[in-house]
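# Topology and contacts: notes
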Amino acid sequence: MIRRRPVLSLLTLVTLVFLLFPILVVVGVALSRGDVLRFPPDGVSLRWFGEALSYRPFTDSLGTSAVVAVSATVIALAVGVPATYALHRRSPRGRRFLLTVFLSPLIVPELVLGFALFQLFLVRAGFDALTALIIGHSVLLLPYAVRVTGASLERADPALEAAAAGLGAGPLRTFFGVTLPVIAPGVLSATILSLLTSFNNVPMSLLLTSRTVQTLPVAMLEYVQTSFTPMIAAVSTLLLLLTVAVAVLAERLVGFQQVFGRSAP
Amino acid sequence: MTDVVELRGVSQDFGAGPVVADLDLAVGAGEMLSLLGPSGCGKSTTLRMIAGYLRPTGGRVFIRGRDATTVAPRRRNIGMVFQSYALFPHLSVAENVAFGLRMRKIGKPERTRRVGEALELVGLGELADRRPGQLSGGQQQRVALARAVVIEPDVLLLDEPLSNLDARLRVQLRGELARVQRETGLTAVLVTHDQEEALAVSDRIVVLHEGRIAQQGRPAELFEHPRSRFVAQFLGYENVLELPGRGPVAIRPEHVRVEPAAGAPAPAPVSFDGIVRELTYRGTHTTATVTVTLPGGPVALQGIVSGASGTGAAALSPGHAARVVLSEPAIVSLLDEPRRPVLEENPV
């Protein structure tokens, strides 16, 4: 291939380097033995990984991040999937308007949304930071649930639901026994996308955290403002590994689902 | 014999004029009835109203004598087969067929037995554990048929079940469809736009045109005696013309002979002289379109070029004179004034 298309191959290589180099730097720095963020690193060790894993602000915020990501994802799906179903299958009045409303968190700048929720929840209603974070992230994730499962629903044959109803299944049986299994790959994709989005979110989390309750990216941001050790690179690397692991798992699961659902021999 | 399905004055209007207008229809027990017509004639809409997916905007639907007009599909005992098969992709063939029995809370031993019988009926006994995605279109539609039949429905509703299959498979599967219907003794309503399919499998055909019944009858009755221009043309009577002194008539192209123009006018048969417009080679024969001038104006007639395909066609060419001979016994008289009530209410 290189021989046949030299220019294209070179461009591909340059792009790959451009994309991967920063990541390489981070991983390299994380493996440093020295005390300063520097590339190439001073020696090689796992020292900073150990430090990062025993640094309280990081471990605490990791717990918060996980709780927020899981809770917000569950809420977003619980609201988003039935809403999408209603929008696509029942075609209610004002369908387009409602769809736009459900997708609006994607368009409104997150800082604006975060500030609005900060005013509402933390200042006015006096919610604790964790509740505010969960609700805020749920709003943020709703568009993913609506859009991704909506795409699945649009591909699914509406006659499936008609067939189930004709055979005697009630609306709930039809939804859980037919619709949901059929759109399961879409729901799974939405779940993974939501978990990652929540876990990586900074702008909204920044406004909804308190002294004691922080998400991991916010804690990291705070850390780099005061310290300059390779520990931040180590955390970044761990975060990177986690994200990659989830993505690979997703590929496997969704791929598996597709083979499972409609394979051709 | 009581009617299993009865529609009384049923209408459907989605807001842009009636799709089905004041339709009266009765389907007898064990009967295979076809709703035949071009797309947009209201046949699928009618079927969906029998199934309960659509509530009529007027009139009433009776199933086994009970008023089912407002009854939800799941509370009607219907077996529906969809054009898209609509098999549940996440369930095996056997689980698909068992779905309706499960909803009816039928115990496992009986369920297994009936699923097995239904799959045997459609000849798919050995594919019970496959997923629908692993089956061909024809096999999928047979599973769908088994799934509809196994619940012993009051009426089997078939919505263009063969339209997604290729021509050869369609012919094979329609034979199977007719056999299953006969063996189970189920009452069935088939929606189709394919006149050949309707003629092959039905006890009775109802031709729909713009939401109304254009004509109904046994297949042979309908095919041999179409009454209106619409029905005639839909059934393949390409030639509809006003015969002097006889009013509107129809004749199929295979009963029209096209031959080179002769000097003297032919006496006995009905024949006209005209100009050849087009010749089409069809393998076994050649067809010709000939424009003839009748008292009502010029008419294009289609017929078969007479003689061995080589000789007859060689003597004819577009733009030249030819004689068209209509076979007298094959001429079908149509009603003078074809009914077009919907057309008048709703000019397009």
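Residues numbered from 1 in each chain as written. Chains lettered and ligands numbered in written order. Predicted model: local features only at pLDDT ≥ 70, side-chain atom pairs only at ≥ 80, totals over all residues.

This part takes up the overall build of chain A. When helices and strands are tallied, chain A shows 11 helices and 0 strands. Element order for chain A, N to C, with α for helix and β for strand: α-α-α-α-α-α-α-α-α-α-α. Expressed as a percentage of its 265 residues, the buried residues of chain A come to 34%. (Helix = DSSP H or I, 4+ residues; strand = E, 2+ residues; numbered from the N terminus. Buried ≥ 20, exposed ≤ 12 C-beta atoms within 10 Å, placed from the backbone.)

Regarding its fold elements, chain B presents 10 helices and 18 strands. Considered along the principal axes of its C-alpha atoms, chain B spans approximately 80 × 45 × 35 Å. Here the contacts in chain B between residues at least 6 apart in sequence split such that 66% fall between residues at least 24 apart. (Contact = placed C-beta atoms within 7 Å.)

As a further point, take the environment of B:S92. Residue and element names in this part refer to chain B. Mapping S92 onto the fold places it in the loop between β6 (78–81) and α2 (93–103). C-alpha of S92 to C-alpha of P153: the two residues are 61 residues apart in sequence and 22 Å apart in space. Aside from chain neighbours lying at most four places away, what touches S92 is A128, D129, R130 and R131.

With that settled, consider the pairing of strand β11 (residues 239–243) of chain B. Residues and elements named next belong to chain B. Bridge analysis of β11 against strand β12 (residues 247–251) gives 5 bridges, and the strand direction is antiparallel. Across the sheet, residue L241 finds its bridge partner in β12, namely V249. What sits between β11 and β12 in their antiparallel hairpin is a turn of 3 residues, with G245 showing a positive phi close to 85°. (Pairing = 2+ DSSP bridges.)

Once that is clear, we can look at the domain arrangement of chain B. According to the domain assignment, chain B consists of domain 1 (3–230) and domain 2 (240–333). In this structure, domain 1 of chain B and domain 2 of chain B have C-alpha centres spaced 41 Å apart. (Domains from an automatic or database assignment.)

So, about the interface of chain B and chain A. In this complex, chain B contributes 19 residues to the contact, which on the side of chain A involves 19 residues. The set of elements that each furnish at least two residues to the side of chain B that touches chain A consists of β6 and α2 of chain B. Sorting elements by how many residues they give to the side of chain B that touches chain A places α2(B) first, with 3 residues. Per-class residue counts for the side of chain B that touches chain A are 12 nonpolar, 5 polar and 2 charged. (Nonpolar A, V, L, I, M, F, W, Y, C, P; charged D, E, K, R; others polar.)

Residues and elements named next belong to chain B. Taken together, 5 strands build a closed barrel; the order of strands is β13-β16-β15-β14-β17 and the barrel is mixed. Taken over all neighbouring pairs, the strand axes of this sheet differ in orientation by 50° on average, direction set aside. Alignment of strand β13 (residues 256–260) against strand β17 (residues 321–326), held across 5 bridges, turns out to be antiparallel. Looking at β17, one finds that R257 is bridged to V325. (Axes fitted to C-alpha atoms, helices over the stretch in contact; angles between N-to-C directions.)

A word on the nonpolar core. Generally speaking, soluble globular proteins have nonpolar side chains that are buried together. By size, the foremost hydrophobic cluster in this structure holds 104 residues, and its most contacted members are B:V97, B:A146, B:V155, B:L157 and B:V189. When residues of this core are assigned to domains, at least three map to each of domain 1 (3–230) and domain 2 (240–333) of chain B. Core analysis: the next-biggest nonpolar cluster, separate from the first, contains 27 residues, A:V68, A:L141, A:A190 and A:L207 among them. (Core = buried A, V, L, I, M, F, W, Y, C linked by C-beta atoms within 7 Å.)

In this section: unusual backbone geometry. Residue B:A86 is not a glycine yet carries a positive backbone phi of 55°. Structurally, B:A86 is set in the loop between β6 and α2.

Bringing helix α5 (residues 110–124) of chain A into the picture now. Helical periodicity: at 3.6 residues per turn, an α-helix aligns residues three or four positions apart in one direction. All names here are of chain A. With 15 residues, α5 should reach 21 Å at 1.5 Å per residue; the first-to-last C-alpha distance of 20 Å fits that figure. Helix geometry: α5 is bent most strongly at F118, by close to 30°. By the burial criterion, the buried members of α5 are G114, L117 and F118. In this structure, the buried side of α5 is in contact with α6 (129–155) and α9 (203–208). Where α5 ends, the next residue or the one after it, G126, has phi of about 65°, a positive value. (Expected span 1.5 Å × (residues − 1). Bend = angle between axes of the 7 residues up to and from the residue.)

With that settled, the discussion passes to the confidence of the model for chain B. Residue and element names in this part refer to chain B. Per-residue pLDDT for chain B averages 88, and the proportion of residues at 70 or more is 91%. Contacts of residues 338–348 to residues separated by more than four positions or lying in other chains number 12 contacts, the stretch itself having pLDDT below 50. Predicted as a complex, the structure gets a pTM of 0.81 and an ipTM equal to 0.82. (pLDDT = per-residue confidence, 0-100.)

All names here are of chain B. What the 6 strands build is an open sheet, ordered β6-β7-β8-β3-β9-β10; its pairing is mixed. Each of the sheet's edge strands pairs with one partner strand only, and the pair in question is β6 and β10 (212–217). In this sheet, neighbouring strand axes are inclined to one another by 20° on average, regardless of whether the strands run parallel or antiparallel. Here strand β3 (residues 32–36) runs beside strand β8 (residues 187–192); their pairing, made up of 5 bridges, is parallel. Its bridge partner being in β8, S34 is matched across the sheet by L190.

This brings us to the confidence of the model for chain A. Any region with low pLDDT has predicted coordinates that should not be read closely. Residues and elements named next belong to chain A. Taken residue by residue, chain A gives an average pLDDT of 85. The fraction at 70 or more is 94%. Taking the mean pLDDT of every element in chain A, the minimum, 75, falls on helix α11 (residues 231–262) and the maximum, 94, on helix α7 (residues 158–166). For the stretch residues 258–265, pLDDT sits under 50, and the model shows 10 contacts to residues farther than four places along the chain or on other chains.

What describes two packed helices is the angle between their axes and the distance between those same axes. Residue and element names in this part refer to chain A. In the contact formed by helix α3 (residues 56–90) and helix α10 (residues 216–226), the axes pass within 7 Å of each other and the chain directions differ by 150°. By the angle between their directions, the pair α3 and α10 is classed as roughly antiparallel. Between α3, through P57, F58, S61, L62 and S65, and α10, the contact on the second element is made entirely by L216, V218 and A219. Grouping the amino acids of the contact of α3 with α10 by side-chain chemistry returns 6 nonpolar, 2 polar and no charged. (Parallel < 35°, antiparallel > 145°, perpendicular 65-115°, else oblique.)

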